[in-house]
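Given next are the chains, with one letter for each unit.
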Amino acid sequence: MSRATYRFRDYKITPDLCPGAEPITSAMRCKTCGETSEKAEEFEDGTGWAVKHLKANPDHLEYREHITRPYRFEAGAWQ
């Protein structure tokens, strides 16, 4: 019978802030009709879209913001 040795490693997940990482983006979605704004790196762009959408549709009062934020695992010490 052969013997094997196993080593384990801890990992920590953190937001990816590296220079080459994808940008953090947000988009607004109307809960009434399901229409969605374009994804934007500037968070004010989504709220501006919601204001315009509300002016065009006065009974659409509820919205959701969808944020896309890249994450990455960082390897820790071997155990």
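It should be emphasised that the depicted structure is a prediction, and the values quoted were computed from it without experimental measurement.

Caption draft 1: The arrangement of the overall build of the protein in detail. In terms of helices and strands, the protein carries one helix and four strands. Reading the protein from its N end, one meets helices and strands in the order β-β-α-β-β. At 21 Å, the protein has a C-alpha radius of gyration far larger than the 12 Å of a compact globule built from 79 residues. On the principal axes, the C-alpha backbone points of the protein span a range of 75 × 30 × 15 Å. Per-residue burial for the protein yields a buried fraction of 20% across its 79 residues. Intrachain contacts of the protein at a sequence separation of at least 6 include 62% that bridge at least 24 residues. Surface accessibility of the protein: about 6700 Å² in total, with carbon and sulfur atoms responsible for 51%.

Caption draft 2: Fine view of the pattern of salt bridges. Following the criterion strictly, the structure yields two salt bridges and no others. As a salt-bridge pair, Arg72 and Asp16 come within 3.9 Å of each other at their nearest N and O atoms. Of this pair, Arg72 sits in strand 4 (residues 71-78) while Asp16 sits in the loop between strand 1 (9-15) and strand 2 (25-30), placing them 56 residues apart in sequence. You can call Arg72 partly exposed: its relative accessible area is 36%. When its relative accessible area of 17% is taken as the criterion, Asp16 is described as buried. Between Glu62 and Lys31 there is a salt bridge whose closest N-O contact spans 3.8 Å. Of this pair, Glu62 sits in the loop between helix 1 (43-56) and strand 3 (63-68) while Lys31 sits in the loop between strand 2 and helix 1, and the two are 31 residues apart along the sequence. Judged by its relative accessible area of 40%, Lys31 is partly exposed.

Reading guide: rules and limits
Residues numbered from 1 in each chain as written. Predicted model: local features only at pLDDT ≥ 70, side-chain atom pairs only at ≥ 80, totals over all residues. Heavy atoms only, no water. Helix = DSSP H or I, 4+ residues; strand = E, 2+ residues; numbered from the N terminus. Rg over C-alpha atoms; globule rule 2.2 N^0.38 Å. Buried < 20%, exposed > 50% of the residue type's maximum accessible area, 1.4 Å probe, protein only. Contact = heavy atoms within 4.5 Å. Areas by Shrake-Rupley, 256 points an atom, 1.4 Å probe, with all protein chains shown as cover. Salt bridge = Lys/Arg side-chain N within 4 Å of Asp/Glu carboxyl O.

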